[in-house]
Amino acid sequence: MKQFYLTFLMLLIGLSQLSAQEEELAAIKRAVDTLYSSLSFEEGGKADTALFLSIFLEDGILINNNRGTARVISPKAFAESIGQVEGLKSFNEHEIYGETLIFGTIAHRFSTYDKYIEVGERVISGKGINSIQLVKVDGRWMVNSIIWNDESEERKIPEAYQGK
């Protein structure tokens, strides 16, 4: 009987650890969804830059590495630049696949995105991958950095990262 109780206790501990891990994964997913939704808007709208900035650490960074040279920008400068694109009608970006690794209070989210942007009469659409690093501060997951590459003819997103 003692063995039964010990096994039962171990099972309960294992389930609570699994539940805690699932809660952390869900919290990270919410942070990433907030990131995407804060920037996305339809014609006549605008990005929620205050929300965007609220999920970043103060010294966070964004790195556009599409051209083979890292273009580093602060979250504040990035948020300001979105509002300054002449003729920007809509900006829509959302996650189509994500994979998260967590260790303690740090996490990495490999996030495949789909984008659709209207600037004047021009439409920009495509996919890419954001490498998002997060840290847990005061019980909340915050973005420290994002590095991204858009898909191109030379750089195709592997099927494993497309959620198919």
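Residues numbered from 1 in each chain as written. Predicted model: local features only at pLDDT ≥ 70, side-chain atom pairs only at ≥ 80, totals over all residues. Heavy atoms only, no water.

Now for the layout of surface pockets. In this model, the largest pocket occupies a volume close to 650 Å³. Looking at the lining of the largest pocket, the elements with two or more residues in it are α1 (2-39), β1 (56-64), β2 (71-73), α3 (75-83), β3 (88-103), β4 (106-119), β5 (122-137) and β6 (140-150). Take the lining of the largest pocket: its biggest share by element is four residues, from β4. In terms of residue class, the lining of the largest pocket is built from 17 nonpolar, four polar and five charged. (1 Å grid on protein atoms, 1.4 Å probe; cavity = no way out; pocket = protein on both sides within 12 Å on 5 of 7 lines; lining within 4 Å. Points joined across faces, edges and corners; volume = space filled by probe spheres on them. Helix = DSSP H or I, 4+ residues; strand = E, 2+ residues; numbered from the N terminus. Nonpolar A, V, L, I, M, F, W, Y, C, P; charged D, E, K, R; others polar.)

A few words now on α3. All of the buried residues in α3 are Pro75, Phe78, Ala79 and Ile82. The buried residues of α3 occupy an angular sector of 100 degrees when the element is viewed end-on, so they sit on one face. Opposite the packed face of α3, turned more than 90 degrees from it, sit the exposed residues Lys76 and Gly83. (Buried < 20%, exposed > 50% of the residue type's maximum accessible area, 1.4 Å probe, protein only. Arc of directions from axis to C-beta.)

What follows covers the confidence of the model for the protein chain. Residues of the protein chain with pLDDT of at least 70 account for 88%, and the chain-wide mean is 90. The least confident element of the protein chain, judged by mean pLDDT, is α1 at 76; the most confident is β6 at 97. (pLDDT = per-residue confidence, 0-100.)

What follows concerns the side chain of Glu93. Summarising the element assignment, Glu93 is placed in strand β3. Buried within the structure, Glu93 lacks any salt-bridge partner; its nearest side chain of opposite charge belongs to Lys115, at an N-O separation of 5.9 Å. Non-local contacts of Glu93, meaning those with residues more than four positions away in its chain, are made with Tyr36, Ser40, Tyr113, Asp114, Lys115 and Asn130. (Lys, Arg positive; Asp, Glu negative; His and termini not counted. Salt bridge = Lys/Arg side-chain N within 4 Å of Asp/Glu carboxyl O. Contact = heavy atoms within 4.5 Å.)

Attention shifts here to the sheet that holds β6. Across the sheet, six strands lie side by side as β2-β1-β6-β5-β4-β3; this open sheet has mixed pairing. Every other strand in the sheet has two partners, leaving β2 and β3 as the edge strands with one partner each. The sheet shows a mean angle of 20 degrees between the axes of neighbouring strands, taken without regard to direction. Two strands pair when backbone bridges link them, and β4 and β5 are joined in this way by 14 bridges, in the antiparallel orientation. Each bridged residue has a counterpart across the sheet, and for His108 the counterpart in β5 is Gln133. (Pairing = 2+ DSSP bridges. Axes fitted to C-alpha atoms, helices over the stretch in contact; angles between N-to-C directions.)

Now for the packing of aromatic side chains. Tallied over the full model, the rule gives five aromatic pairs. Seen in terms of ring centroids, Phe52 and Phe56 are 5.0 Å apart; in terms of plane orientation they differ by 55 degrees. Their pairing is tilted. For Phe56, a relative accessible area of 5% corresponds to the buried category. Each ring, one from Phe110 and one from Tyr161, has its centre 5.0 Å from the other, and the planes form 65 degrees; the classification is edge-to-face. Of this pair, Phe110 sits in strand β4 while Tyr161 sits in the segment after β6, and the two are 51 residues apart along the sequence. The partly exposed category is assigned to Tyr161, whose relative accessible area is 27%. One aromatic cluster in this structure is built from Phe52, Phe56, Phe78 and Trp148. (Phe/Tyr/Trp six-rings, centres within 6.5 Å; stacked < 30°, edge-to-face > 60°.)

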